[in-house]
Number of protein chains: 4
Amino acid sequence: MSLAEFETIIEVPFYDLDPMNVVWHGNYVKYTEIARCALLEKIGYSYDEMRVDGIMYPVAKMEMKFIKSAVFGQKLCVKTIVEELEPGLNIKYIIKDAGTGETLFKAKTMQICVEFSTGKSIYEAPEKLKKGLECLKNS
Amino acid sequence: MSLAEFETIIEVPFYDLDPMNVVWHGNYVKYTEIARCALLEKIGYSYDEMRVDGIMYPVAKMEMKFIKSAVFGQKLCVKTIVEELEPGLNIKYIIKDAGTGETLFKAKTMQICVEFSTGKSIYEAPEKLKKGLECLKNS
Amino acid sequence: MSLAEFETIIEVPFYDLDPMNVVWHGNYVKYTEIARCALLEKIGYSYDEMRVDGIMYPVAKMEMKFIKSAVFGQKLCVKTIVEELEPGLNIKYIIKDAGTGETLFKAKTMQICVEFSTGKSIYEAPEKLKKGLECLKNS
Amino acid sequence: MSLAEFETIIEVPFYDLDPMNVVWHGNYVKYTEIARCALLEKIGYSYDEMRVDGIMYPVAKMEMKFIKSAVFGQKLCVKTIVEELEPGLNIKYIIKDAGTGETLFKAKTMQICVEFSTGKSIYEAPEKLKKGLECLKNS
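Keep in mind it's a predicted model, so treat the numbers as computed, not measured. Positions within a chain are numbered from 1, following the residues in the order the chain's sequence is written. Written order determines the labels here, with chains lettered from A and ligands numbered from 1. For a predicted model such as this one, the threshold for reporting local features is a pLDDT of at least 70, and the threshold for listing and counting side-chain atom pairs is 80 or more; totals across whole chains, interfaces and linings nevertheless cover every residue.

Details of the relation of the copies chain C and chain D
This is how the line gets drawn: The superposition of copies rests on a least-squares fit of C-alpha positions from residues with pLDDT of 70 or more in both. Here, residues touch in the contact sense if the C-beta positions derived from the backbone fall within 7 Å of one another.
Mapping chain C onto chain D calls for a screw motion: a turn of 180° about the axis and a shift of 0.0 Å along it, with 0.0 Å RMSD after fitting. Such a combination of turn and shift is consistent with a two-fold rotation axis. Within chain C, Ile10 of chain C has its C-alpha nearest the rotation axis, a separation of 5.6 Å. Take the interface residues of chain C: 100% of them recur as interface residues in chain D, which is what a same-surface contact looks like.

As structure tokens, this is what we get:
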């Protein structure tokens, strides 16, 4: 059971294409980050606010599956599914064509909360993150 | 007097930032391309349709002025102003904060129409481009 | 037992850094591609030559582990280890500091050979790839 | 008369290509930065050292001319020519094929020295930069 879910729409820009006229595989990392940041923005706890609180959330692991290539101008729906908050923040991503619903890409990231001043990992999620996700789930 | 004008909203993604915590200067080229493609999409003559017609429009010259740095999550309004259609397509770009209207960046591009099959430059603008811009201007 | 191994040196450019003053995690995908292309170049069967032979090798899966952040100007040694050729091309990557040997990053990619004209997957590796890797192994 | 000149070799990576199978125009900004950083590294005054001295050198203006498209694996020679040091740092860039010497691209950047603590522009070049460039010129 997921802790929270969120959807973001992205339109494929021309500069993300490769010589096969499809999105270069490395650019999907950007799409997952846009969607993750939109989720954090939605719950009111963005990277900028984490910084003020003296923490950051670097990505420690990432897995990607490229199912079907996205093309220029295609509207993509990136669904983010928060699967775990502790000890790390685990998010799943599913990218579908925003119109047809066809699945193009899946990914998972694992992020670790790190204290700026000490560089130490923190295995308990910040209250603001927990509460924000709860609110989103119940909304 | 401009041939047509158009505005696009962009939100600064995290991955465009540099160690100064502002947008890395090279990323503004992407913002101008997004805005130019949105303009072409609006008038119904995108890069994909040009390709079908056997032409492309590579950028031959570009000038950029970096006035104030954009930051994470900032909503930018990119105004494209088509200044000339022949012999080349000259577009001016002004990026402002979408809220305050403060100017952050200005640029110009000059693009040349090239025939795919021969690689030759074409100095007369395609009818579809001319008509599309006229429609936009009169709308 | 690996089918072949190869090492490439990369120097971290300024534009790959993020606001934490370290390499943004998505940029490691580029480093793996540089190393993979250098390996293919070494064995004489680059993406350009595959294209002439009517095939391509899109990445179907990728896993990444971010162990320690790379910094500006750091010289990285990217080791590519070919683990499997059929049915897909599986490559492992280990990025170390070129001086100290400290491990910073690990990854795996799985690529599928696809015929351009039909879009069909090919599960037998092309002879040129097999022979090239054998030569490299025995060199 | 130039204040100093320097040359850097770059090999075009696959991920810099666009659907025309040539380098996407915005990627040349990266090549100019690599060359500029190599020049500063050579004279012993890199961005990291400037930061320690409390200054930075953001790009305020940039002009680019795209003469001929660079392709995958092409070895490029980027020549940097320091034209002015005060009030701003003006550098000219010429990219040629490293083998044939054919010119592909030209650019100019204008950078302004800025004090970190105050955000104020400094119109006199730092001594380390002046001396470094003199040494390079006389070497």
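Description of the interface of chain C and chain D
Using the following cut-off: Secondary structure is summarised from DSSP: a helix means a run of H or I of at least four residues, a strand means a run of E of at least two, and numbering begins at the N terminus for each. As a working rule, the residues Ala, Val, Leu, Ile, Met, Phe, Trp, Tyr, Cys and Pro are called nonpolar, Asp, Glu, Lys and Arg charged, and the rest polar, with Gly in that last group.
Contact residues are listed per partner, giving 13 residues for chain C and 13 residues for chain D. Considering every element that reaches the side of chain C that touches chain D, the biggest residue donor is helix α1 (residues 28-42) of chain C, with 5 residues. The residue makeup of the side of chain C that touches chain D, split by class, is 7 nonpolar, 2 polar and 4 charged.

What about the nonpolar core?
Inclusion rule: Each nonpolar core comprises buried Ala, Val, Leu, Ile, Met, Phe, Trp, Tyr and Cys residues, the members being joined through C-beta atoms within 7 Å. Residue burial is a threshold on neighbouring C-beta atoms within 10 Å of the residue's own C-beta, all placed from the backbone, with 20 or more meaning buried, 12 or fewer meaning exposed, and counts in between meaning partly exposed.
If you look at the biggest cluster of nonpolar residues, it comprises 155 residues, and the most contacted ones within it are Tyr31 of chain A, Tyr31 of chain B, Tyr31 of chain C together with Tyr31 of chain D. Apart from the residues within four sequence positions on either side, Tyr31 of chain D is in contact with Ile10, Leu76, Val78 and Ile95 of chain D.

Re the sheet that holds strand β2 (residues 55-56) of chain A
All names here are of chain A. As a reminder, the rule being used: If DSSP finds at least two bridges between two strands, the strands pair.
Taken together, 3 strands build an open sheet; the order of strands is β2-β7-β8 and the sheet is antiparallel. In this open sheet, the two strands that pair with only one neighbour each are β2 and β8 (121-122). Bridging between β2 and strand β7 (residues 113-115) involves 2 bridges; their strand directions are antiparallel. The partner of Met56 across the bridge, within β7, is Val114.

Points about the relation of the copies chain A and chain B
Put simply, the two copies of the chain differ by a rotation about an axis and a shift along that axis. Between chain A and chain B, the superposition needs a rotation of 180° and an axial shift of 0.0 Å, giving an RMSD of 0.0 Å. Both copies present the same face, since 100% of the interface residues in chain A are matched by interface residues at the equivalent positions in chain B.

A word on the pairing of strand β1 (residues 4-11) of chain A
Residue and element names in this part refer to chain A. Because side chains alternate across β1, one face comprises the buried residues Ala4, Phe6, Thr8 and Ile10, and the other comprises Glu5, Glu7, Ile9 and Glu11, none of which is buried. Inspection of the sheet shows β1 paired to strand β4 (residues 75-84) by 8 bridges, in the antiparallel sense. Across the sheet, residue Glu5 finds its bridge partner in β4, namely Ile81.

What about the sheet that holds strand β4 (residues 75-84) of chain D?
Heads up, the rule is: Axis definition: a line fitted to C-alpha atoms, limited for helices to the stretch in contact. Angles are taken between N-to-C directions and run from 0 to 180 degrees.
Read across the sheet, 10 strands follow the order β1(B)-β4(B)-β5(B)-β6(B)-β3(B)-β3(D)-β6(D)-β5(D)-β4(D)-β1(D) without closing on themselves; strand pairing throughout is antiparallel. At either margin of the open sheet sits one strand with a lone partner, and together these are β1 (4-11) of chain B together with β1 (4-11) of chain D. Each adjacent strand pair in this sheet contributes to an overall mean axis angle of 15°, direction not counted. Relative to the sheet, helix α1 (residues 28-42) of chain D contacts β1, β3 (59-66), β4, β5 (89-97) and β6 (103-111) of chain D, its axis offset from that of β1 of chain D by approximately 130°.

A short note on the interface of chain A and chain B
Taken together, the 13 residues of chain A in the interface contact 13 residues of chain B. For the side of chain A that touches chain B, the elements supplying multiple residues, two or more each, are α1 (28-42) and α2 (47-52) of chain A. When residues of the side of chain A that touches chain B are assigned to their parent elements, the largest contribution, 5 residues, is made by α1 of chain A. Of the residues belonging to the side of chain A that touches chain B, the class tally is 7 nonpolar, 2 polar and 4 charged.

What about the confidence of the model for chain A?
Where we set the bar: In predicted models, pLDDT denotes the confidence assigned by the predictor to each residue on a 0 to 100 scale.
In this model, chain A carries a mean pLDDT of 96, and residues with pLDDT of at least 70 account for 99%. For this predicted complex, the interface confidence score (ipTM) comes to 0.96, while the overall pTM stands at 0.96.

Digging into helix α1 (residues 28-42) of chain B
Residue and element names in this part refer to chain B. Here is the rule we go by: The length a helix should cover is 1.5 Å for every residue beyond the first.
Here α1 contains 15 residues, and its C-alpha end-to-end distance of 21 Å stays within 8% of the 21 Å for a straight helix at 1.5 Å per residue. Of the positions making up α1, those classed as buried are Tyr28, Val29, Tyr31, Thr32, Glu33, Ile34, Ala35, Arg36, Cys37, Ala38, Leu39 and Leu40. Positioned one or two residues after α1, Gly44 has a phi angle of 75°, which is positive.

Remarks on unusual backbone geometry
Residue and element names in this part refer to chain A. The amide bond that connects Glu86 to the next residue, Pro87, takes the cis arrangement and shows omega of 5°. Its place among the elements puts Pro87 in the loop between β4 and β5 (89-97). For Asn21, which is not a glycine, the phi torsion comes out positive at approximately 70°. Assignment of secondary structure puts Asn21 in the loop between β1 and α1.

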